[in-house]
Amino acid sequence: MAYLPPWVSACCIALLGWQALRCWRGDIVSGRLLRLLVLLLAAAIAGGIRLQFGYFLGKDPGIALLAALLCLKLLEGSSSRDLRAAMLLALFLQLSLFFNDQTLPVAALALGGALCTLATLVALEDPAARPLSALRSSGLLMLQALPFLVVLFMLFPRLPGPLWGLPANAQSGVTGLSDFMAPGSISQLIESDEIALRAEFAGELPPPSQRYWRGPVLSEFDGRVWSVRETLASRSPPYAVRGSRYDYVSTVEPHNQRLLLALDFPGTTAQSGISHASDLRLLADRPVTRRTRMVLSAYPETPVGLNDPAFELANARQLPPQSSPRTRALMAQLSANAGDAQTIVDRALLFLRDQNLTYTLSPPLLGDEPVDEFLFDTGLGFCEHFSSAFAVMMRAAGIPARVVTGYQGGTINRFDGTMVIRQSDAHAWVEVWIEDRGWLRVDPTALAAPDRIERGLSNALPDSDTRPFMMRSGVVAQVMRDMRDRWEALANAWDINVIGFNQQRQRDLLSHLGLDGAELRTLLLTLVGTISLLLAALLAWALHRRPQGDALDRMWHRFCKRMARHGLARLPSEGPIDYAERIARESPPNAARVRAIARSYARLRYGAAAADTPARTRELAHRIREFSPQ
Amino acid sequence: MNLVERLEAIPDRAAAWLGRRGPTKLPMQLTQGRIYILPSGAGMAFGMALIVLLIGAINYGLSLGYGLVFLLVGAALSATVQSFRNLLGLNITRLRIDPVFAGEPATLQILLENPTSLRRPALRLRCGTAESLATLEAVSSADIDIPLPTTQRGWMPVPAIRIGTRWPLGLVRAWSLLRPDLNCLVYPAPEAGAPPLPQGNSRETAGRLTRFSGDDDFAGLRPHRLTDSPRHVAWKAAASGGPLLTKEFAAQQGTSLLLDWHSLHGLGDDARAARLTAWVLAAEGLGMRYALRTPEGLLDAASGPQHLRTCLARLALARSRHA
């Protein structure tokens, strides 16, 4: 429902309500008038959907139409055939839910839905059954279906990629960072607790001061808004890696951009379909429309941008004319008789520190000269204010500078050890270019709020600021955080092992089992073999007959069988006493024991129950066990 | 004939081809070899839907889509086996069909026995075009009635009986065929508005239709004949050690009718049978003694339900001998 246009949801609820009312009244015969009404409603809803989406043949309008049709079908149909058709529609609707959401709760919901569908089919076939017994029958079916589900899921040949071109709207994902930055654009992200990416480090974790996950690099500035500049990309990194190395597996949530949000600075990787942009971002060849896992490495101490072309650097010095006059004046003052760029950077940082700027989630709105107003008037800002101001200061002093957005930090999930980077870790920092040293990261936010870098956003905010719920202190928030971490560890395992199960992982699994997973024939043979085994087991279950009668009958039966082997089978017409007498006549040595057994059985079977019945039963069992005909 | 019916005819034809199509001996137990399974129409639609779902899952890379499809495939396979299990081990112990008049439905009675501890829901018993639903509880048996339409007098062979089920999901049907070696005797439908009973052709010359309510007028005793109604046996005489005698009453004595096939000139066989049936029923209703002559021979005058049944059976099968 949440993924449908609101008015379609409302229509569906209204229709289902109407149907429920009709069922409750026991008036479910559909007349001609109703059919006509349903037809008109269907046409109206189809028209509405066309108007809403502007097109008809696509995923989203299709799903909306499907939902409406299902509700109408339930209203219109009353025969079992109609209901079966409705069940098939329901299955399609269930699949369409997975377009938007494949998380654990949705899987549980789908399981429940499938159970209800099966129960409906059972009830259609056996109208005499009570709802509970129909549910039980379908539960048994589901239980027997589970092994098939597991085997088929693992062994059914997975095909890479779509069978045909997907319509443009096929995928939708959460967009995190955008291609531009205006004051306030990052603080919006901070409110979101959603995960942007996860990283599983193979060895050592990088220190908090090195946890910069690179997003869009903004080098165009119009006085207020920073935006990206087109860059070139190549297969190998535009730098020579140096320093310590960190290996990790990154899982990026879909965001519909090519950005891979790598830890600065990515080394050469064996992964295919990845390129390095000249502004040091790591890019995928196609937009990330589904959860993507990659094996990556990072060398945070690598010097970068040593050989950047002059025009790039000239661009990184551009400021719109006449903008930020007070900052320009300040920088003219600061750069006076400074020997080199590094001195200017240090002086600028010193100035920022002395300015007593405050780091806050709710900065005041700024006017036409946001940088000047922030630096000299309000002094209250978030990371985008700090980075924007610092980059402008550098440019005013003629030093190439740019703003880099991305994520900074990340928390370790205690339950599965992965580092989780959320939208709330979004950050902006600055890079300045200095001769012979290349691009250097400067994080001006650290001056006002050093804890932001070392200990995360929550610790950096002044106490008066209202934090998003999950960042608050206190027992409840701590418990909630714990539960969230546990849940996310589970969801991550689910995402990796179930949702992310693809051709590659299928091959890995098979080679783990010692089979050649790459060969289709092996795969199919394994699949067919396993399914046959499962079917055989199911058939054995069907053919298995539970022994009839109670324990007493079975004992007596055993005794009769034993005598039959001895050549004295009981005739169908013979009762226990007659049988015993015949045996006594034909085989005198057994007479006494057989008579005792037969009398005991007859008394237990046909006599009234007495206090000593269980004891006698045990005694009879013992006698029959000990008995062997002579 | 739609696709499903065509498919269902296959095992039957195979059995015919293998020469295994003789009548079934009763009691019959439904064993593995006797149960056939094929998808039903709904099952085929379900299969198609699963294929489309699977293509969707592959195309959009929906892992849970694969999961859903595979779960449903598993459920369908399990349902197939459960359908089979729902029939397995049932016993058909007895079949019975009583004679009826043409046009009335004949009731085929099937004694179905479930010796196992499983409940057997939604059994469909089908014979010709008629179908009945039944559910057998664990360790129980039930007489299941199937009404068979009748049209023509004579022997009507009972068509093959199909014991089937589509339980649990209705996606597959499992069934077993029973070829009963059984015929239903269909009496002729009595002619509506038949002329009154003939009077002039009484066989016995002394025959006079005096009174019908003459049961009271005791006329004497005669030696007992097997076809005599037990109501008319002189029990007092028998109890006192005498021979078994039948009391004769005045009304009966002279009213022994002869109903003759050959007297109905200008009528077809079926019309004659219909009229004679109406007369036989009327005579029996009046408590008269009547004799019946058909091309097969003469039935002596008598009355009572046994005589009525004999006459009706004669009439069901009577044919004129054309030279």
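Cut-offs applied
- Residues numbered from 1 in each chain as written.
- Chains lettered and ligands numbered in written order.
- Predicted model: local features only at pLDDT ≥ 70, side-chain atom pairs only at ≥ 80, totals over all residues.
- Helix = DSSP H or I, 4+ residues; strand = E, 2+ residues; numbered from the N terminus.
- Buried ≥ 20, exposed ≤ 12 C-beta atoms within 10 Å, placed from the backbone.
- Contact = placed C-beta atoms within 7 Å.
- Nonpolar A, V, L, I, M, F, W, Y, C, P; charged D, E, K, R; others polar.
- Right-handed = clockwise from strand over helix to strand, strands pointing away.
- Pairing = 2+ DSSP bridges.
- Axes fitted to C-alpha atoms, helices over the stretch in contact; angles between N-to-C directions.
- Core = buried A, V, L, I, M, F, W, Y, C linked by C-beta atoms within 7 Å.
- pLDDT = per-residue confidence, 0-100.
- Parallel < 35°, antiparallel > 145°, perpendicular 65-115°, else oblique.
- Left-handed = near helix turned anticlockwise from the far one by under 90°.

J.: I'm lost on the overall build of chain A in this one. Help?
T.: Within chain A one finds 22 helices and 16 strands. Considering chain A as a whole, with its 630 residues, one finds that 33% of them fall into the buried category. In chain A, of all internal contacts separated by at least 6 residues, the share reaching a separation of at least 24 is 71%.

J.: Can you help me understand the overall build of chain B in this one?
T.: Scanning chain B from N- to C-terminus turns up seven helices and 17 strands. Burial statistics for chain B: of 323 residues in total, 36% are counted as buried. In chain B, the proportion of contacts linking residues at least 24 apart, taken out of those at least 6 apart, comes to 68%.

J.: I'm lost on the interface of chain B and chain A in this one. Help?
T.: Accessible area lost upon the coming together of the parts serves often as the stated size of an interface. On the chain A side, the residues contacting the 43 residues of chain B number 46 residues. Of all elements in the fold, only α2 (41-60), α3 (63-87) and β6 (120-127) of chain B reach the threshold of two or more residues within the side of chain B that touches chain A. The residue inventory of the side of chain B that touches chain A, partitioned by class, reads 28 nonpolar, 13 polar and two charged.

J.: Before we go on, may I ask you to explain helix α11 (residues 370-378) of chain A in this structure?
T.: Each turn of an α-helix holds 3.6 residues, which means side chains three or four residues apart point in the same direction. Residues and elements named next belong to chain A. For α11, every residue scored as buried is listed here: P370, V371, D372, E373, F374 and L375. The elements touched by buried residues of α11 are α9 (325-334), β11 (380-381) and α12 (383-396). Immediately downstream of α11, the backbone of G379 shows phi near 70 degrees, a positive value.

J.: Just to check I follow, could you spell out the pairing of strand β15 (residues 257-260) of chain B for this structure?
T.: In the case of a regular strand, side chains alternate between the two sheet surfaces. Here β15 of chain B shows a clear split, with L257 and L259 of chain B buried on one side and none of L258 and D260 of chain B buried on the other. With helix α6 (residues 269-285) of chain B bridging β15 of chain B and its parallel neighbour strand β16 (residues 290-294) of chain B, the resulting β-α-β unit is right-handed.

J.: How should I be thinking about the sheet that holds strand β2 (residues 36-39) of chain B in this particular structure?
T.: Two orientations exist for strands paired in a sheet by backbone hydrogen bonds: parallel and antiparallel. Residue and element names in this part refer to chain B. Taken together, the five strands give an open sheet; going across it, the order is β2-β11-β10-β6-β7, and neighbouring strands pair in antiparallel fashion. Bordering the open sheet on either side are β2 and β7 (130-136), each of which pairs with just one other strand. Taking the axes of each pair of neighbouring strands and ignoring which way they run, one obtains an average angle of 25 degrees across the sheet. Where β6 lies against strand β10 (residues 161-165), five bridges are found, and the strand directions are antiparallel. Counterpart to C127 in the pairing with β10 is I161.

J.: Just to check I follow, could you spell out the nonpolar core for this structure?
T.: Here is a general trend for soluble globular proteins: nonpolar side chains tend to be buried in one another's company. One finds A68, C71 and L118 of chain A together with L68, A75, L108 and V280 of chain B to be the most contacted residues of the largest nonpolar core, which totals 114 residues. By residue number, the principal contributor to this core is α3 of chain B, which donates 13 residues. Ignoring anything within four residues of it in the chain, the contact list for C71 of chain A reads C12, L15 and L16 of chain A. Of all hydrophobic cores here, the second largest spans 77 residues; its members include M181, V345, F386 and A389 of chain A.

J.: Got a minute to help me understand the sheet that holds strand β3 (residues 91-97) of chain B in this structure?
T.: Residues and elements named next belong to chain B. Taking strand neighbours across the sheet as the criterion, the four strands line up as β1-β3-β5-β8 in an open arrangement whose pairing is antiparallel. In the strand order of this sheet, the two ends are held by β1 (28-29) and β8 (140-148), each with one partner. In this sheet, strand β5 (residues 106-114) lies alongside β3 in antiparallel orientation, the contact comprising six bridges. Pairing of R94 across the sheet is with L111, part of β5.

J.: Would you take a moment to explain the confidence of the model for chain B for this structure?
T.: Regions with low pLDDT should not have their predicted coordinates read in detail. With 86% of its residues at a pLDDT of 70 or more, chain B shows a mean pLDDT of 82. Reported confidence for the predicted complex is 0.75 by ipTM and 0.68 by pTM.

J.: When you look at the pairing of β6 of chain B in this model, what are you seeing that I'm missing?
T.: Residues and elements named next belong to chain B. Most of β6 sits inside the fold, with six of its eight residues counted as buried. Bridge analysis of β6 against β7 gives six bridges, and the strand direction is antiparallel. Each bridged residue has a counterpart across the sheet, and for R120 the counterpart in β7 is L136. Here β6 folds back onto β7 in antiparallel fashion, the turn holding two residues, of which G128 has a positive phi close to 65 degrees.

J.: For this particular structure, what's the right way to read the packing of helix α18 (residues 520-543) of chain A against α3 of chain B?
T.: Between two packed helices, the angle of one axis relative to the other and the distance separating the axes together describe the packing. At a minimum axis separation of 9 Å, α18 of chain A and α3 of chain B run at an interaxial angle of 25 degrees. Between α18 of chain A and α3 of chain B, the angle is such that the two are roughly parallel. Regarding α18 of chain A and α3 of chain B, the two cross each other, and that crossing is right-handed. Contact with α18 of chain A, carried on its side by L535, L538, L539 and A542 of chain A, involves L77, S78, V81, F84 and R85 of chain B of α3 of chain B and no other residues of that element. Among the residues making up the contact of α18 of chain A with α3 of chain B, the classes are represented as seven nonpolar, one polar and one charged.

J.: Whenever I open this one, the environment of A391 of chain A confuses me. Can you help?
T.: Residues and elements named next belong to chain A. With respect to the helices and strands, the residue A391 is situated in helix α12. In the structure, A391 is positioned 41 residues away from V432 in sequence and 7.8 Å away in space, judged by C-alpha atoms. Those residues in contact with A391 that lie beyond four places of it in its chain are A401, R402, V403 and V430.

J.: Would you mind going over the confidence of the model for chain A with me for this structure?
T.: The predicted model of chain A has a mean per-residue pLDDT of 82, with 91% of residues at 70 or higher. Here residues 166-173 of chain A is a poorly scored stretch, pLDDT under 50, and it has 15 contacts once near neighbours within four places are set aside; other chains count.

J.: Please clarify how unusual backbone geometry should be interpreted in this entry.
T.: In terms of backbone geometry, most residues other than glycine have negative phi values and most peptide bonds are trans. For the peptide bond that leads from D264 of chain A to F265 of chain A, omega is -15 degrees, which places it in the cis range. Tracing the sequence through the fold places F265 of chain A in the loop between β6 (246-252) and β7 (274-277). The peptide bond linking W167 of chain B to P168 of chain B adopts the cis configuration, its omega dihedral lying at 5 degrees. Phi is positive for N256 of chain A, close to 65 degrees, though the residue is something other than glycine. Considering the arrangement of structural elements, one finds N256 of chain A in the loop between β6 and β7.

J.: Where do I start with the packing of helix α5 (residues 104-125) of chain A against helix α6 (residues 131-155) of chain A in this structure?
T.: Residue and element names in this part refer to chain A. Running from N to C, α5 and α6 cross one another at 120 degrees; their axes reach a closest spacing of 8 Å. The orientation of α5 relative to α6 falls into the category oblique. Along this stretch, α5 crosses α6, giving a crossing that reads as right-handed. Here α5 contributes L115, L118, A119, V122 and A123 to the contact with α6, which in turn contributes P131, A134, L135, S137, S138, G139, L141 and M142. Of the residues contributing to the contact of α5 with α6, the split by class is ten nonpolar, three polar and no charged.

J.: Teacher, can you tell me more about the environment of D300 of chain B here?
T.: All names here are of chain B. Checked against the element boundaries, D300 lands in strand β17 (residues 297-302). Classification of D300 by C-beta neighbours within 10 Å gives exposed; the count is 12. Spatially, the C-alpha atom of D300 lies 8.8 Å from that of L258, the residues being 42 residues apart in sequence.

J.: What is the right way to look at the environment of T268 of chain A in this model?
T.: Residues and elements named next belong to chain A. Looking at the element boundaries, T268 is found in the loop between β6 and β7. Residue classification places T268 among the exposed residues on the basis of 12 C-beta atoms within 10 Å. Contact partners of T268, with chain neighbours within four places excluded, come to S236 and P237.

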